[in-house]
Amino acid sequence: MEKDQYRPETNAIRIQTEKTWQMEHSTPLFLTSSFTYDNAEEMRATFADETDNNIYSRFSNPNVDEFVRKVCSLELAEDGYATASGMSAIFASFMALMKAGDHLLSASSIFGSTHTIITKFLPKWGIDYTYFDINKPETVEALIKPNTKMMFVETPSNPGLEIVDISLLAKICDKHGVILNVDNCFASPVLQKPIALGAHIVTHSATKWMDGQGRVLGGVVVGRKDLIKEIHTFCRSTGPAMSPFNAWVLSKSLETLHIRMARHCESALALAKALEGNPLLQWVKYPMLASHPQHEIAKAQMTAGGGIVCFELKGGLAQGTRFLDALKMLTLTANLGDSRSIASHPASTTHAKLSNEERLKVAITPGMIRISVGLENAQDIIDDINQALEISK
């Protein structure tokens, strides 16, 4: 994928599919399953990979290609491939780059569905795994085996906002010939660029901040060209393709990503500061609070703290239920990264498949609440949470 000439935030706006004869200003929708050829030789050459012509929207599509080019520019990546959802992007990054007999080293603080893939499905295909504590990066290198092929990490993690030094992990991976796969969903490419810190591939659920309005599903993997080629080969045959319509929506969404993330971060920091010290809470966690355990790492590798704030209710699960029911404005849903603020209870939703012991190991306590801070007036968000805290105590 050739480099684009402007700064990433400009490329997110100006990268565009070549204009049709209609000379449209906004990229049209290419809602087609297949593409045609002028003659048999052109068709033969395309199927032989001698041209860059499109064949079938399961393989490539102009709308999807435009979205991928924008994400590559934002992430400083050589190439990329977009998928139907964030989980299909993670699954493809695993299956295309590992085989039976390989070993995956993963942080234990990961999204519940990723945990299910690693613990339930990878072993079925002969891929072993080991979890490490994201808060103890000094233990990671000793866990690498001769057959370790990949290291996987979320930073900040979902939902506990745990952070690890990406450059430290990258050095370890380079030393041992291991692929470093970073899920950058929570930070978004606006706030953190793992490839610049040494990661080899980066995965995203584009459903979250990239879309930003809770409309469509999407995933994307970007990174080193040789690795993306393997992922593309896997995906074109197995079929987790992003739809042209979703790609069109996401490509337009990226045009406002920098502006939206600035507002999300500003309001999230205001909320975290307003809640810190509240006598009804055990703790408040946000990367840009000095009280965050990895605050210094966050300042070094992120430009802002993101749009997620977590806190622990002193009354545990019972108070958590009362708190959620007392909210008047915030939405109750398992999604995040929306223009509308969202409250969720990870222990009973996104991480319900984990045992109590597994949840506690990754700091998911019974009273933990995850707030995805939206674009409403920050004081309205703070007021709604405060009134719900008072009612639920």
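Note that the coordinates shown come from a computational prediction; the quantities given were computed from them, not determined experimentally. (Residues numbered from 1 in each chain as written. Predicted model: local features only at pLDDT ≥ 70, side-chain atom pairs only at ≥ 80, totals over all residues. Heavy atoms only, no water.)

A. How the structure looks around the environment of I259. By the secondary structure assignment, I259 is in helix α10 (residues 257-275). Residue classification places I259 among the exposed positions, given a relative accessible area of 64%. For the pair I259 and L105, spaced 154 residues apart in sequence, the C-alpha to C-alpha distance is 35 Å. (Helix = DSSP H or I, 4+ residues; strand = E, 2+ residues; numbered from the N terminus. Buried < 20%, exposed > 50% of the residue type's maximum accessible area, 1.4 Å probe, protein only.)

B. Seen up close, the layout of surface pockets. If you add up the space inside the largest pocket, you get close to 1,500 Å³. Along the walls of the largest pocket sit 41 residues, with D52, N53, N54, S60 and D65 positioned nearest its centre. Listed by contribution, the elements that provide at least two residues to the lining of the largest pocket are α2 (40-47), α3 (62-75), β1 (79-83) and α8 (225-238). Here the residues of the lining of the largest pocket are counted per class, giving 14 nonpolar, 13 polar and 14 charged. Quantified by volume, the second largest pocket comes out at close to 330 Å³. Around the second largest pocket sit 22 residues that line it, and F111, N158, C185, S205 and K208 are the ones nearest its centre. Put simply, the parts of the chain that give the lining of the second largest pocket at least two residues each are α4 (86-95) and β6 (201-205). The residue makeup of the lining of the second largest pocket, split by class, is nine nonpolar, nine polar and four charged. (1 Å grid on protein atoms, 1.4 Å probe; cavity = no way out; pocket = protein on both sides within 12 Å on 5 of 7 lines; lining within 4 Å. Points joined across faces, edges and corners; volume = space filled by probe spheres on them. Nonpolar A, V, L, I, M, F, W, Y, C, P; charged D, E, K, R; others polar.)

C. Main features of the nonpolar core. Among the nonpolar cores identified, the biggest contains 63 residues, and F67, L271, F311, F323, I371, I385 and L389 are the most heavily contacted of them. If one sorts the elements of this core by residue count, α10 sits on top with seven residues. When sequence neighbours within four positions are dropped, the list of residues in contact with F67 reads A82, A206, M210, V220, M242, A247, L250, S251 and L254. Counting residues in each nonpolar core, the second largest holds 24 residues, with A92, I117, I118 and C235 among its members. (Core = buried A, V, L, I, M, F, W, Y, C linked by side-chain atoms within 4.5 Å. Contact = heavy atoms within 4.5 Å.)

D. Geometry of the sheet that holds strand β2 (residues 103-107). Across the sheet, seven strands lie side by side as β1-β7-β6-β5-β4-β2-β3; this open sheet has mixed pairing. Pairing within the sheet leaves two strands with one partner each, and these edge strands are β1 and β3 (128-132). Each adjacent strand pair in this sheet contributes to an overall mean axis angle of 20 degrees, direction not counted. Relative to strand β4 (residues 148-154), β2 is paired through four bridges, and the arrangement is parallel. Along β4, the bridge assignment pairs L105 with M151. Packing against the sheet, helix α5 (residues 112-121) makes contact with β2, β3 and β4, and its axis sits at approximately 135 degrees to β3. (Pairing = 2+ DSSP bridges. Axes fitted to C-alpha atoms, helices over the stretch in contact; angles between N-to-C directions.)

E. Structural context of the sheet that holds strand β12 (residues 368-372). Strands sit in the order β8-β9-β12-β11-β10 across an open sheet of five strands; the sheet is mixed. In this open sheet, the two strands that pair with only one neighbour each are β8 (281-285) and β10 (331-332). Inspection of the sheet shows β8 paired to strand β9 (residues 308-313) by four bridges, in the antiparallel sense. Paired with L281 across the two strands is L313, which belongs to β9. In this fold α10 packs onto β8, β9 and β12, with an angle of close to 20 degrees to the strand it touches most, β9. Relative to β9, helix α12 (residues 316-326) is tilted by about 125 degrees, and along the sheet it contacts β9, β10, β11 (342-344) and β12.

F. Structural view of the packing of α12 against helix α14 (residues 378-392). Put simply, α12 and α14 touch, their axes get as near as 8 Å, and they point 135 degrees apart. Relative to α14, α12 is oriented oblique. Every pair of crossing elements has a handedness; the one defined by α12 and α14 is right-handed. Contact with α12, carried on its side by Q319, R322, F323 and A326, involves I385, Q387, A388, L389, I391 and S392 of α14 and no other residues of that element. (Parallel < 35°, antiparallel > 145°, perpendicular 65-115°, else oblique. Left-handed = near helix turned anticlockwise from the far one by under 90°.)

G. Seen up close, α2. N-cap assignment for α2: the residue whose side-chain oxygen lies 3.2 Å from the backbone N of E41 is N39. Just downstream of α2, D49 is the residue with a positive phi angle, here 65 degrees. (Polar contact = N/O pair within 3.5 Å; in protein donor to acceptor, adjacent residues only side chain to side chain.)

H. Quick look at the environment of Q192. Looking at the element boundaries, Q192 is found in the loop between α7 (188-191) and β6. A relative accessible area of 1% means that Q192 is categorised as buried. Sequence separation between Q192 and L74 is 118 residues, and the spatial gap between their C-alpha atoms is 9.8 Å. For Q192, the contacting residues outside a window of four places in its chain are E75, T155, I166, N184, A187, Q301 and M302. At a separation of 3.4 Å, a polar atom in the side chain of Q192 contacts the side chain of Q301.

I. Main features of unusual backbone geometry. The omega angle of the peptide bond from T155 to P156 is -5 degrees, so this bond is cis rather than trans. Examined against the element boundaries, P156 turns out to sit in the loop between β4 and α6 (166-176). Of note, the amide linkage connecting N158 to P159 takes the cis form, showing an omega dihedral of 5 degrees. You can see P159 is positioned in the loop between β4 and α6. In this structure, D49 takes a positive phi of about 65 degrees despite not being glycine. With respect to the helices, strands and loops of the structure, D49 is situated in the loop between α2 and α3.

Such coordinate-based values are descriptive only and should not be taken to indicate function.
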